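# A look at the structure
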Amino acid sequence: MSSPESPDPVEILRSVAQDVRDPLTGISVADSGMLSDMRMEDDVLCMRLSVTEDHREPMVRSLVNALGRAVTESGWNGPIECSVAPGVTSPPEAATPSAPAPGNAIPSTTAPPRPNPDAAARQPLPNNAPRADSHQPRPIPGVGHVLAVASGKGGVGKSTVAVQLAMALKDLGSRVGLLDLDFYGPSIPTMMGIRQKQTVSPQKRILPATAHGLACVSLGLMLDDGKPLVWRGGMIAKMVEQLLDDVDWGQLDYLVIDLPPGTGDAQLTLAQQARLSGSVVVSTPQSLALKDAERGLEMFRGLDVPVLGLVENMAWYPLPDGSRDYVFGQGGTVELAERSGVPVLARIPMDAALRLAGDQGDPGIARDGSAFEAFNQLAKAVVETLHPPA
Ligand code: ADP
């Protein structure tokens, strides 16, 4: 309940709406005009979320939940009600709220949004946003499981985890590929020590380079060294599509995909075009990184991609006396995991051998370090999740 001393719940909502992003466009629900009719009615914080036909039901549910959680975390503990309506640009109409909900649960007052043939026409997506199209995510020929390795922020060790997860899956006896979709900083060629350019078959299909027993494809192997990358609207989506269609992977049990950080076009196109077995979200235990990781996690859920779990990287620094220095804090990853209902699949310590392995392009040398066991555990947890015992 609001009082003169407590902040205005509508203001809280306005403010947190800047941070809750529409997974289809990457634009906040505040800036995209999706959120309207924010008001207090009988001590209930009411709002209206307008969606298009491209917003699938789990996506809407995850957006509504993200809004509710953000408002609660920012200090409003009273009841909240969100009505969901098709058509982003429809002018705010007088809301027809249903009975206030107890506590701060958000009832979605209209059930899943009805498809609205007009909606997409009335609300064109920005030019640089790939459109959700009608075809379903499809398998990648020759590939058993496709795993996305994601992070909310750069520099948390996502590429390192992608490489070492792929290596550990290979050590379990699987055929594994590594696809580098980190367009803004493709580091797989460096980390895998690959120098030759990507080759193409007579059938004009991209042939993966083989390094350390992994089949590798990276944009970094297709571009001239040192040239800055400028990606204009739609280019990333097109490139992802091409890399999904035009690589001859042969036969793989697992394809590990290193995504760019954040929640952008690459993630969206990948989830829309390829049938993903799951995603692994990497974060350090630092609260700033975890906040962004949560956004990534919500995005995958909104896109119907199972989140297999979190990987806490740089979890601690092992001291010579056997004790641990929790450089980036402690406990936050478990809290996020519990709140989101996903497991922490592995906790990776800071390990000089791991850093050296990345710099020298020899992932094998990290196999003696303190992080080695954690990566084995991660690979086993992924395999067990995808192949639960009968
Ligand atoms: P991201 O893909 O998230 O940008 P990287 O995997 O490129 O992050 O890692 C950033 C830097 O941190 C690299 O130099 C990498 O070698 C190093 N690094 C990542 N994880 C660890 C770790 N657990 N211990 C030591 N160094 C690490």
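Residues numbered from 1 in each chain as written. Predicted model: local features only at pLDDT ≥ 70, side-chain atom pairs only at ≥ 80, totals over all residues.

## Topic: the overall build of the protein chain
- Helix and strand counts for the protein chain stand at eleven helices and 15 strands.
- Taking all 390 residues of the protein chain together, 46% fall into the buried category.
- Residue pairs at least 24 apart in sequence account for 76% of intrachain contacts in the protein chain once pairs closer than 6 positions are excluded. (Helix = DSSP H or I, 4+ residues; strand = E, 2+ residues; numbered from the N terminus. Buried ≥ 20, exposed ≤ 12 C-beta atoms within 10 Å, placed from the backbone. Contact = placed C-beta atoms within 7 Å.)

## Quick notes on the site of the ligand
- Looking at the ligand, there are 18 residues lining it, with Gly157, Lys158, Ser159, Thr160 and Gly358 nearest.
- Secondary-structure elements contributing two or more residues to the shell around the ligand are helix H4 (158-171) and helix H10 (352-360). (Near = placed C-beta within 6 Å.)

## Quick look at the sheet that holds strand S1 (residues 35-41)
- Read from one edge of the open sheet, three strands run S1-S2-S3, paired in mixed fashion. What marks the edges here is a single partner per strand, and that holds for S1 and strand S3 (80-86). The sheet shows a mean angle of 15° between the axes of neighbouring strands, taken without regard to direction.
- The pairing of S1 with strand S2 (residues 44-51) spans five bridges and is classified as antiparallel. For arginine 39, the partnering residue across the bridge sits in S2 and is cysteine 46.
- Sheet strands in contact with helix H1 (residues 9-16) are S1 and S2, and its direction is about 160° off that of S1. (Pairing = 2+ DSSP bridges. Axes fitted to C-alpha atoms, helices over the stretch in contact; angles between N-to-C directions.)

## Re the pairing of strand S9 (residues 214-218)
- For S9, the buried fraction is high: five of the five residues fall into the buried class.
- Along S9, one buried face is formed by Leu214, Cys216 and Ser218 and the opposite face, lined by Ala215 and Val217, is buried too.
- As paired elements, strand S5 (residues 176-180) and S9 share four bridges and run parallel to each other. Opposite leucine 179, over in S9, you have valine 217 as the bridge partner.
- Bridge count between strand S8 (residues 209-211) and S9: three bridges; the pairing is antiparallel. For threonine 210, the partnering residue across the bridge sits in S9 and is alanine 215.
- Between S8 and S9, which pair antiparallel and follow one another directly, the connecting turn spans two residues, one of which, histidine 212, has a positive phi of 50°.

## With respect to the confidence of the model for the protein chain
- Across the protein chain, the average pLDDT comes to 83, with 83% of residues at 70 or higher.
- No element of the protein chain has a lower mean pLDDT than helix H3 (residues 119-122), at 30, and none a higher one than strand S10 (residues 252-258), at 98.
- Note on residues 89-135: pLDDT under 50 across the span, and 92 contacts to partners over four residues away in sequence or across chains. (pLDDT = per-residue confidence, 0-100.)

## Digging into the environment of valine 60
- With respect to the helices and strands, valine 60 occurs in helix H2 (residues 57-73).
- The class of valine 60 is partly exposed, set by 19 C-beta atoms lying within 10 Å.
- Between the alpha carbons of valine 60 and serine 50 there is a distance of 9.6 Å; along the sequence they are ten residues apart.

## Let's talk about the sheet that holds strand S15 (residues 344-348)
- What the eight strands build is an open sheet, ordered S8-S9-S5-S10-S4-S11-S12-S15; its pairing is mixed. Pairing within the sheet leaves two strands with one partner each, and these edge strands are S8 and S15. On average, each strand axis in the sheet is inclined to that of its neighbour by 25°, with strand direction left out of account.
- The strands touched by helix H8 (residues 287-302) are strand S4 (143-151), strand S11 (278-283) and strand S12 (307-313); relative to S11, the strand with the most contacts, the crossing angle is about 170°.
- Relative to the sheet, helix H9 (residues 332-340) contacts S11, S12 and S15, its axis offset from that of S12 by approximately 170°.

## Description of the nonpolar core
- Ranked by size, the top nonpolar core spans 109 residues in total, and within it Val149, Leu165, Val256 and Ile257 carry the most contacts.
- For this core, the element with the most residues is H4, which contributes eight residues.
- The two domains that each donate at least three residues to this core are domain 1 (9-121) and domain 2 (143-386).
- Each residue touching valine 256, except ones within four places of it in the same chain, is listed here: Leu147, Val149, Ala162, Leu165, Ala166, Val176 and Leu178. (Core = buried A, V, L, I, M, F, W, Y, C linked by C-beta atoms within 7 Å. Domains from an automatic or database assignment.)

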